[in-house]
Amino acid sequence: MKHDVCMIRWPTGVEQERDWAAVAAVQCRLDREGGTKLFTDLVMSTKNDKIFQESIQLAICLLEGGNTEIQNSFYKLMMGDNKSEKFFKVLHDRMKEAQTDIKATVSVNVGEMTHKANEKELENGGSSSLVLPGSGHPLLVQGTSIAPATGTSALPAQPAVEQREVDTEMGPAVTIMKPILRFLQLLCENHNQDLQNFLRCQNNKTNYNLVCETLQFLDIMCGSTTGGLGLLGLYINESNVHLITQTLETLTEYCQGPCQENQTCIVTHESNGIDIITALILNDISPLCRYQMEMVLQLKDNASKLLLALMESRHDSENAERILFNLRPRELVEVIKKAYQQESECEEGEVSPREVGHNIYILAQQLARHNKVLQNLLKATKKSKEGDEGISSMLNLNNRPLSQMLKSSAPAAVVEQDPLEYYDQLTAQIEIVREDRSMEQIVFPVHPICEFLTEESKFRVFNTTEQDEQGSKVTHFFEQTSFLHGEMEWQKKLRSMPVLYWFSRRMTLWGTISFNLAVFINLIIAFFYPYNSGQGAIDDSLLLMLFWILTGLSVLGLFSQRYGLQPLTIALILRSIYHLGIGNTLILLGSLNLINKVVFVVSFVGNNGTFIMGYRAMVMDVEFLYHLAYVLTSTLGLFVHELFYSILLFDLIYREETLFNVIKSVTRNGRSILLTALLALILVYLFSIVGFLCLKEDFIMEVDLLPQIAAAPSQSEASQDFLDSCLADGVNCTAESDAVSGTEEDDDANTERACDTLLMCIVTVLNHGLRNGGGVGDVLRKPSKNEPLFPARVVYDLLFYFIVIIIVLNLIFGVIIDTFADLRSEKQKKEEILKTTCFICGLERDKFDNKTVSFEEHIKLEHNIWNYLYFIVLVREKNKTDYTGPESYVAHMIKDNNLDWFPRMQAMSLVVTDGDGEQNEMRMLQDKLASTMKVVTTLTTQLTELKEQMTEQRKRRQRMGFVDVQAGASGALPPSAAGGNHQIYKP
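Residues numbered from 1 in each chain as written. Predicted model: local features only at pLDDT ≥ 70, side-chain atom pairs only at ≥ 80, totals over all residues. Heavy atoms only, no water.

The name an unreviewed UniProt entry gives the protein is Inositol 1,4,5-trisphosphate receptor type 3-like isoform X2, with Stegastes partitus as the organism. Comment text from UniProt for the protein, heading Subcellular location (unreviewed entry), reads "Membrane". (UniProt positions renumbered as here; feature names shortened; annotations may be inferred.)

This part takes up the nonpolar core. With 101 residues, the main nonpolar core has Phe 87, Phe 183, Leu 184, Ile 236 and Leu 367 as its most contacted residues. For this core, the element with the highest residue contribution is helix α16 (residues 293-310), accounting for 9 residues. In contact with Ile 236, not counting residues within four places along its chain, are Cys 222, Val 241, Ile 244, Leu 280, Ile 285, Leu 288 and Leu 299. By size, the runner-up hydrophobic cluster in this structure holds 44 residues, among which are Ala 428, Phe 839, Ile 872 and Val 875. (Core = buried A, V, L, I, M, F, W, Y, C linked by side-chain atoms within 4.5 Å. Buried < 20%, exposed > 50% of the residue type's maximum accessible area, 1.4 Å probe, protein only. Helix = DSSP H or I, 4+ residues; strand = E, 2+ residues; numbered from the N terminus. Contact = heavy atoms within 4.5 Å.)

So, about the packing of helix α2 (residues 35-45) against helix α3 (residues 49-63). When two helices pack together, their arrangement is given by the angle between their axes and by how far apart the axes lie. The geometry of α2 relative to α3 is characterised by a closest axis approach of 9 Å and an angle of 150° between their N-to-C directions. Classed by the angle they form, the pair α2 and α3 counts as roughly antiparallel. Seen along the crossing, α2 lies across α3 with a hand that is left-handed. Contacts between α2 and α3 involve Gly 35, Thr 36, Leu 38, Phe 39, Leu 42 and Val 43 on the former and, on the latter, Ile 51, Phe 52, Ser 55, Ile 56, Leu 58, Ala 59 and Leu 62. (Axes fitted to C-alpha atoms, helices over the stretch in contact; angles between N-to-C directions. Parallel < 35°, antiparallel > 145°, perpendicular 65-115°, else oblique. Left-handed = near helix turned anticlockwise from the far one by under 90°.)

A cluster of nonpolar side chains, namely Leu 675, Leu 678, Leu 681, Ile 682, Tyr 685, Leu 686 and Leu 766, defines an oily patch on the protein surface of about 620 Å² accessible area. A per-element tally of the nonpolar patch places helix α36 (residues 670-694) first, with 6 residues. Tracing the sequence through the fold places Tyr 685 in helix α36. Take Tyr 685: its relative accessible area is 40%, and that puts it in the partly exposed class. (Patch = residues over 30% accessible without salt bridge, like charges linked within 9 Å, V, L, I, M, F, W, Y side chains within 5 Å. Areas by Shrake-Rupley, 256 points an atom, 1.4 Å probe, with all protein chains shown as cover. Salt bridge = Lys/Arg side-chain N within 4 Å of Asp/Glu carboxyl O.)

As a volume, the second largest pocket reaches approximately 2000 Å³. Along the walls of the second largest pocket sit 40 residues, with Phe 459, Arg 460, Thr 464, Glu 623 and Tyr 654 positioned nearest its centre. Secondary-structure elements contributing two or more residues to the lining of the second largest pocket are α25 (455-464), α26 (474-494), α28 (507-528), α31 (582-608), α33 (622-639), α34 (651-655), α35 (657-667) and α40 (790-836). For the lining of the second largest pocket, the class distribution of residues is 13 nonpolar, 10 polar and 17 charged. (1 Å grid on protein atoms, 1.4 Å probe; cavity = no way out; pocket = protein on both sides within 12 Å on 5 of 7 lines; lining within 4 Å. Points joined across faces, edges and corners; volume = space filled by probe spheres on them. Nonpolar A, V, L, I, M, F, W, Y, C, P; charged D, E, K, R; others polar.)

Before going further, it helps to spend a moment on the packing of aromatic side chains. Scanning the model with the defined rule gives 28 aromatic pairs in all. Ring centres 5.1 Å apart and planes at 85° place the aromatic pair Trp 502 and Phe 503 in the edge-to-face group. Accessibility expressed as a relative area gives 25% for Phe 503, which makes it partly exposed. Each member of the aromatic cluster is reached from another via a ring pair, and the members are Phe 39, Phe 74, Tyr 75, Phe 87, Phe 88, Phe 183 and Phe 198. Of note, Arg 94 hangs over the ring of Phe 52, and the distance from its end group to the ring centre comes to 4.0 Å. We note Arg 434 situated over the ring of Tyr 889; from NZ or CZ to the ring centre the distance is 4.9 Å. (Phe/Tyr/Trp six-rings, centres within 6.5 Å; stacked < 30°, edge-to-face > 60°. Lys NZ or Arg CZ within 6 Å of the ring centre and 35° of its normal.)

The next point concerns the state of the cysteines. Counted under the stated rule, the structure contains 1 disulfide. Each sulfur of the disulfide joining Cys 755 and Cys 761 lies 1.3 Å from the other. Measuring the twist about the S-S bond at about 50°, one finds the Cys 755-Cys 761 disulfide to be right-handed. Taken individually, Cys 755 and Cys 761 each receive the classification buried, so the pair is uniform in this respect. (Disulfide = S-S within 2.5 Å.)

With that settled, the discussion passes to the environment of Gln 366. Within the secondary structure, Gln 366 is located in helix α19 (residues 353-368). Taking C-alpha positions, Gln 366 is 7.8 Å from Leu 308, a pair spaced 58 residues apart along the chain. Each residue touching Gln 366, except ones within four places of it in the same chain, is listed here: Leu 308, Met 311 and Val 443.

Shown next as structure tokens:
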């Protein structure tokens, strides 16, 4: 069987973005065709090492990516046909064979290394001692004295090439272990708890605990069984370091999820496995670290992840105490600091020393909960980060992205930073609720992309997130996480476009400049328009005086660093008006305003990534359309007419929240206002009909005619009629004509009939009736009390006043005023909630009174809103096969849009505080129960011994009584005894 037969060809292109869906489809197709069964049959039946190796490779290809369907198929196959005992026996025997092979060769390898080192030292005229890091006494390895030294590493003079020469090739029995361990790791991928437990116990007649065997294999590989726990550098070399790394990864996968049974199995195992893992973190693993530092870093990284997996989701301290048993806190902190300092010494590679140091720091944080010495050592020398500060200000040292901070050589300013403070700034913690409703604290690294979250977005989310029906903000906050994540990705991409990024960073500045320019332009128009007529112009001497006054004020303002730019700008504008003229100054300011607004739009697009959202999203973005309308208005003011600039002053509503609330008070209950206005129109219509039918003669309005529309047409018509009548009578009517026209002009020039048609009545009542305080009666004819329609007129005026003016209009005003009051009270309530209520759990400030954790510490450290966002981003950015148990759980909940993992109305600090008395009582009861059990055991042992003694005495007395009876029967008894009554003891 060729090696490439079982290999699946991954999709080409960017390997980091493999098409896992297509790969999973091929894997499932092979499984349906019997690939899994073929693999298990070959493993159990073949005796050929090559076929066995290819079979394992086939299994690895089928399980690559953590295919749960293949895992379940394998599990069902093992459970259904009772093949598990034979299958696991093969793997168990392979592990035992590899362990035996290592035991047989490890002493030889160490001897060869020591021998060559001694020869090299003799050639250099030096001693034959090997220096072991962390060793304090001379050690003997294969009869050779290995003495400790100070300040040097193992085999100090031996070059890298000769170090590789002493590394012997591993035998086939050991080589096959790497694919076997990879296969076992993939079986447990994605925290398959059924298979995790199945590898430990198969519930067969003979169970094979592969978890313990894997740990034992690591123990033997690192030389613990030879008594060389402190000599890791002699056992770990370039040829077997990858196998040890794979062993650590497999052990980690056994435990994550968590699988507490496997955790306990590893921690309580009789081997030195935990001590080996701890030693891998603390020791330098020299001489390998001198020429393959990346391998050593990978080893330390996986060792720290394994220790974290052993403590994952554990509410007790047993595992942590076992890890701390041989771990010296000060050495662990020194390892963290050393990893931080190694960043500038190492070339760029796949593994960064600071990333490894960060993982070890997180391990130290978890262990510090159970060790006060370590907890005190981890306190940073400077003030710890504040929870409400932006991650960009904490991470963006020297304006560099986090990825460069972690992987590039650090400048002097960064090197001088305290390592513990550095790692503290890149670490966050949250509390989640598990499926069993128990709470768990998670410490995790902040993903580098979180650096690009803008302060504007943080302010907007924090202040505008709404509460749901249960009073929690988590629902609305979770809905915004996808948008915030997308914004981070866009901001990261924006950094690759320096020009656009430069403009985008100053978006607030461009907006302020645009508003100020609009104000200055409108002031010039208000004072000087129309500037061509000369009216409203200011004297030149006054302009010069104002210029010098404002210049002096600007100089004083610049010295005081406050309010210096505005007077200087006004002074320059006045100087421009004096020299260039008003028209040219307006053109100059209008051009500057248009250019500045275009720059603002570019900045807005750069910050929000509007163009990459598609045209539909651009059209639906109201804010983007508003800024485009602003640009259009500025263009009209520059090229069409100056008075268009007045529209730009409405930008004040966009900039000021108070004015926006004033507008919102009208628009929020707009439907109620419109319906009330519609009712007013209906009433006006009804009153207009009544006026048209009954009071038409009262609708006589006083008017003021323009001079050019004076009663020339009407006067000529009246005069012509009068002249015609006079001429018909043959009378000279010139004088009479003048008198008649004068009288009619006095009576009719200032009045008009306003209700000859129903439409004229409606317009009159609507126009004059609503605008006058007393209603339509204030503008109608004043009737006499002797008129027959006087009572009807009084009723008409009063009804209009009470119904329309007092009731309907006040209803509209009341809706607006009440809405504005509601908005103000809601704003105050929101501010109060933000100050006194936790954003995540909803607990109020008074719940933390007289507790070990204050409310400020709770919202900044335990339930920091941005830490929850960073954790969601971490889960979305991280490869699912690299998830820890809590990350896998949260990822599943996020996929189902289930928010039950957020803590609501609960916090671990309050649970611990409230439960301290109960927990102490439980511990006391457990201690008493344990002591009682010991007493019972002791009493049971004593009772058993007493019973045995009593049985022995009974047997002895029976034998004595039998001898007495025989003696009496033979006459051997004394006379007194023979003549007396004998009592024979009967048990």
